[in-house]
Amino acid sequence: MSPVLSPLQIMERLVAFPTVSRDTNLPLVDWVQAYLDSHGIVSHRWVDPDQPHKAAVFAHVGPMVEGAVVLSGHTDVVPVDGQPWDSDPFTVVERDGKYFGRGTCDMKGFDALAIWALVEAHRRGVARPLQLALSFDEEIGCTGAPPMIVEMQKHLPKGSAAIIGEPSMMGAVTGHKGGVGYRTHMVGFEVHSSLMHTGVSAIMQGARLIDWANQRNIENMAKAPGEIQALFNPPFTTCHVGMISGGTAHNITAKDCEFMMDFRVVPGEQAADWEAAYLAKVKEVEAEMQAVHPDARIEITQSFDVPALVPEEAGEAEALVRALTGDNATHVVSYGTEAGQFQAAGYSAVICGPGDIAQAHQPNEFVTVAQFNAGHAFMTRLVDRLAD
Ligand SMILES: [Zn+2]
């Protein structure tokens, strides 16, 4: 049996794997599986058949019965390209009471704590099972978790309470908005811009869709939010275009224009309704484009779809985290996580992890030593509770 590593030692190992979402995470998964195996824990990997350089890993300790607490994290991190780091992003450096390194906050710090807790629960023996679930591709639209959750249920007794360790300063976050995004490709018809009435400018037609989003934001802002919606900042659904490209010259009607149309949907509204509204506007604009030239069109592909985490009535995961942290305040966030996906699959779900989301994705990303230690204390209390 290999030595038991501390949470910090595990985090150092995990951060050293440069698992940027576009790259492989298999060396990290290999390491996690070997470490668990060295402590007698059976783990499972699920390799994505469409991108065999990426895998999820999950494991179960304790009695082989349903009702486990699930510790859920993602293994991928955002890129460091172009960011001014003061130290190697893939080496954990302690300075001024902080652990610096890519993923220390989002969210290899939590992953390390979860791996530590799994080994601890296995060593001590627990009456209630504990599961570990580490996904991939979270940072590019939470696309790795849904197939992982399906696979977990094939191999393991189903867990009941999922703790998703995104940075929440160890508070219990019980709700987040859903997110849905559409890659929008406007295909116009090129003519000299002096004759623009005979062409179709993909850019100018795309601007109509973007302005439709502006109008929806103005309307949404003016609506009176419902009770749960009022918890969010902002308390309404937002429509956003964060990337756009198109055109070849100032005097040619653009043949192509591409952008991403994203909706962050408050609980109480349905992403499907926003999709329907957007597609109706797309259809209207497309018909007018085609009236000028039949080759003009609009191609829409959904690029992500992350369900909302809806605050639960007497949720089991929330009650557990409140008991372990003593946090009784209400917190909701406006970013999407895998918590909504666990909830959609029938788990009670809550977000609780060390660190501040403000440090996620930043150069010199860090988690404070105090937060990391609070996470360690949380895991110790969790294992105590499972052991009783
Ligand atoms: Zn994250």
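Rules of the game
Residues numbered from 1 in each chain as written. Predicted model: local features only at pLDDT ≥ 70, side-chain atom pairs only at ≥ 80, totals over all residues. Heavy atoms only, no water. Donors = N, O, S within 2.8 Å, 3.2 Å for Na, K, Ca; no water. Tetrahedral: all angles 85-135°; square planar, octahedral: opposite > 155°, others 65-115°. Helix = DSSP H or I, 4+ residues; strand = E, 2+ residues; numbered from the N terminus. Buried < 20%, exposed > 50% of the residue type's maximum accessible area, 1.4 Å probe, protein only. Salt bridge = Lys/Arg side-chain N within 4 Å of Asp/Glu carboxyl O. Arc of directions from axis to C-beta. Core = buried A, V, L, I, M, F, W, Y, C linked by side-chain atoms within 4.5 Å. Contact = heavy atoms within 4.5 Å. Pairing = 2+ DSSP bridges. Axes fitted to C-alpha atoms, helices over the stretch in contact; angles between N-to-C directions.

Engineer: Explain the coordination of the zinc ion here, please?
Structural biologist: Expected angles at a metal are 109.5 degrees for tetrahedral coordination by four donors and either 90 or 180 degrees for octahedral coordination by six donors. Those donors, His 74 (NE2), Asp 106 (OD), Glu 166 (OE) and Glu 166 (OE), are the protein atoms that reach the zinc ion, and they lie 1.8 to 2.5 Å from it. For the zinc ion, the four donor atoms are set out with angles of 54 to 140 degrees between them, so the coordination reads as irregular. Between the donor residues of the zinc ion, the gaps in sequence give the motif H-x31-D-x59-E. Placement of Asp 106 in the loop between strand E5 (98–100) and helix H3 (108–124) and of Glu 166 in the loop between strand E7 (161–164) and strand E8 (173–176) is noted, with a sequence separation of 60 residues between them. Each member of the pair, Asp 106 as well as Glu 166, carries the same accessibility label: buried.

Engineer: Could you clarify how one ought to interpret the pattern of salt bridges in this entry?
Structural biologist: When charged atoms on two side chains of opposite charge get close, those side chains can pair. The full count for this structure, using the stated rule, is 16 salt bridges. For the salt bridge of Asp 81 with Arg 22, the shortest nitrogen-to-oxygen distance reads 3.3 Å. Of this pair, Asp 81 sits in the loop between strand E3 (69–74) and strand E4 (93–95) while Arg 22 sits in the loop between helix H1 (7–16) and helix H2 (26–38), and the two are 59 residues apart along the sequence. Taken as a pair, Asp 81 and Arg 22 share a single burial class, namely exposed. Here Glu 316 makes a salt bridge to Arg 128, at a shortest N to O gap of 2.5 Å. Placement of Glu 316 in helix H7 (residues 316–325) and of Arg 128 in the loop between H3 and strand E6 (130–135) is noted, with a sequence separation of 188 residues between them. For Glu 316, a relative accessible area of 34% corresponds to the partly exposed category.

Engineer: Please clarify how the environment of Phe 136 should be interpreted in this entry.
Structural biologist: Along the chain, Phe 136 falls in the loop between E6 and helix H4 (145–155). Overall, the relative accessible area of 2% leaves Phe 136 in the buried class. Through-space distance from the C-alpha of Phe 136 to that of Phe 17 is 13 Å; in sequence the pair is 119 residues apart.

Engineer: Hey, could you run me through H1 in this one?
Structural biologist: Given 3.6 residues per turn, any residue in an α-helix points the same way as the ones three and four places further on. Along H1, the residues that are buried comprise Pro 7, Ile 10, Met 11, Leu 14 and Val 15. Seen end-on, H1 carries its buried residues on one side only, within an arc spanning 130 degrees.

Engineer: Sorry if this is basic, but what is going on with the nonpolar core here?
Structural biologist: Generally speaking, nonpolar side chains in soluble globular proteins are found buried as a group. By size, the foremost hydrophobic cluster in this structure holds 54 residues, and its most contacted members are Leu 130 and Ile 163. With 10 residues, H3 is the single largest residue contributor to this core. Leaving out residues up to four positions away in the same chain, Ile 163 has contacts with Val 69, Val 70, Leu 71, Ser 72, Phe 110, Leu 320, Val 321, Val 350, Cys 352 and Phe 378.

Engineer: How do you make sense of the sheet that holds strand E15 (residues 366–368) when you look at a structure like this?
Structural biologist: Two pairing modes exist for strands in a sheet, parallel and antiparallel, and in both the strands are linked by backbone hydrogen bonds. Strand order in this open sheet of three strands is E4-E5-E15, and the pairing throughout is antiparallel. Of all strands in the sheet, those with a lone pairing partner are E4 and E15, marking the two edges. Taking the axes of each pair of neighbouring strands and ignoring which way they run, one obtains an average angle of 25 degrees across the sheet. Packed onto the sheet, helix H9 (residues 369–387) meets E4, E5 and E15 and runs at close to 70 degrees relative to E15.

Engineer: Is there a simple way to think about the sheet that holds strand E12 (residues 297–306) in this case?
Structural biologist: Spatially, E10-E11-E9-E12 is the arrangement adopted by the four strands of the open sheet, whose pairing is antiparallel. Sheet topology places strand E10 (238–246) and E12 at the edges, where each strand pairs with a single neighbour. In this sheet, adjacent strand axes meet at a mean angle of 15 degrees when their direction is disregarded. As defined by bridge partners, strand E9 (residues 178–187) adjoins E12 across nine bridges and the pair is classed as antiparallel. Residue pairing across strands places Met 186 opposite Ile 298, the latter belonging to E12.

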